[in-house]
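Structure assessment
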Amino acid sequence: MECIVHFEVEYKQKTKELRGLIFLDKGKTPTEQDFISMFGDMGYRLRLADQENLVFLPTEPSAEYQKIRIRRLDTGEENYQTDGELKSIISNLLPKDTRPI
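Keep in mind it's a predicted model, so treat the numbers as computed, not measured. (Residues numbered from 1 in each chain as written. Predicted model: local features only at pLDDT ≥ 70, side-chain atom pairs only at ≥ 80, totals over all residues. Heavy atoms only, no water.)

1. A closer look at the pattern of salt bridges
Stated formally: Note on definitions: salt bridges are taken to be side-chain nitrogens of Lys or Arg within 4 Å of carboxyl oxygens of Asp or Glu. Secondary structure elements follow DSSP: runs of H or I of four or more residues count as helices, runs of E of two or more count as strands, with numbering from the N terminus. Partly exposed residues are those whose accessible area sits between 20% and 50% of the maximum for their type, while under 20% is buried and over 50% is exposed, using a 1.4 Å probe and protein chains only.
Following the criterion strictly, the structure yields two salt bridges and no others. Among the salt bridges present, the one from Glu8 reaches Arg71, with a minimum N-O distance of 3.9 Å. Of this pair, Glu8 sits in strand β1 (residues 2-11) while Arg71 sits in strand β5 (residues 65-74); the two residues are 63 residues apart in sequence, bridging distant segments of the chain. Residue classification places Glu8 among the buried residues on the basis of a relative accessible area of 18%.

2. Let's talk about the packing of aromatic side chains
One pair of aromatic rings is described through two measures. These are the centre distance and the angle between the planes. The following threshold applies: Ring pairs are drawn from Phe, Tyr and Trp, using the six-membered ring of Trp, whenever the two centres fall within 6.5 Å, and their geometry is named by plane angle: stacked under 30 degrees, edge-to-face over 60, tilted for the rest.
Summed over all chains, the structure comprises five aromatic pairs. Centroid distance Phe39 to Phe56: 5.3 Å. Interplanar angle 65°. Geometry classified as edge-to-face. Placement of the pair is Phe39 in helix α1 (residues 32-41) and Phe56 in strand β4 (residues 55-58), with a sequence separation of 17 residues. Residue classification places Phe39 among the buried positions, given a relative accessible area of 0%. Overall, Phe56 belongs to the buried group, its relative accessible area being 0%. Among the aromatic residues, those joined into a cluster by ring pairs are Phe7, Phe35, Phe39, Tyr44, Phe56 and Tyr65.

3. So, unusual backbone geometry
Trans is the prevailing form of peptide bonds, just as negative phi is the prevailing case for residues other than glycine. Here the phi dihedral of Leu54 falls at roughly 50°; this positive angle occurs in a residue that is not glycine. Leu54 sits in the buried class, given a relative accessible area of 12%.

4. What about the pairing of β5?
Quick note on the threshold: Note on pairing: two strands pair once DSSP finds at least 2 bridges between them.
Taken together, the eight bridges between β1 and β5 define a ladder with antiparallel strand orientation. The residue bridging Glu10 from the neighbouring strand is Lys67, located in β5. Linking two consecutive strands that pair antiparallel, namely β4 and β5, is a turn of six residues.

It is worth stressing that arrangement in space is one thing and function is another; only the former is reported here.
Next comes the structure, spelled out in structure tokens:
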């Protein structure tokens, strides 16, 4: 099964949106090692810095990019997508006290 990884590479002056491809067994989800291997094949040497938001940082101090963030995974069946702005809006709109009406 193919998993298309939509990610953004953040440089000092700009951000590029790119895609990568991981081959998985049916019903499996990509692991940290799958991502690191895919990025390594593309020339990025990274380590996972934030597992919840799928943010990777370069392991080489001379790297031109500052970080890579996975935005969406597309397996053709289900999508994983984080929307930080939506998450922030919802957390600000929900009441801090959850009590019955």
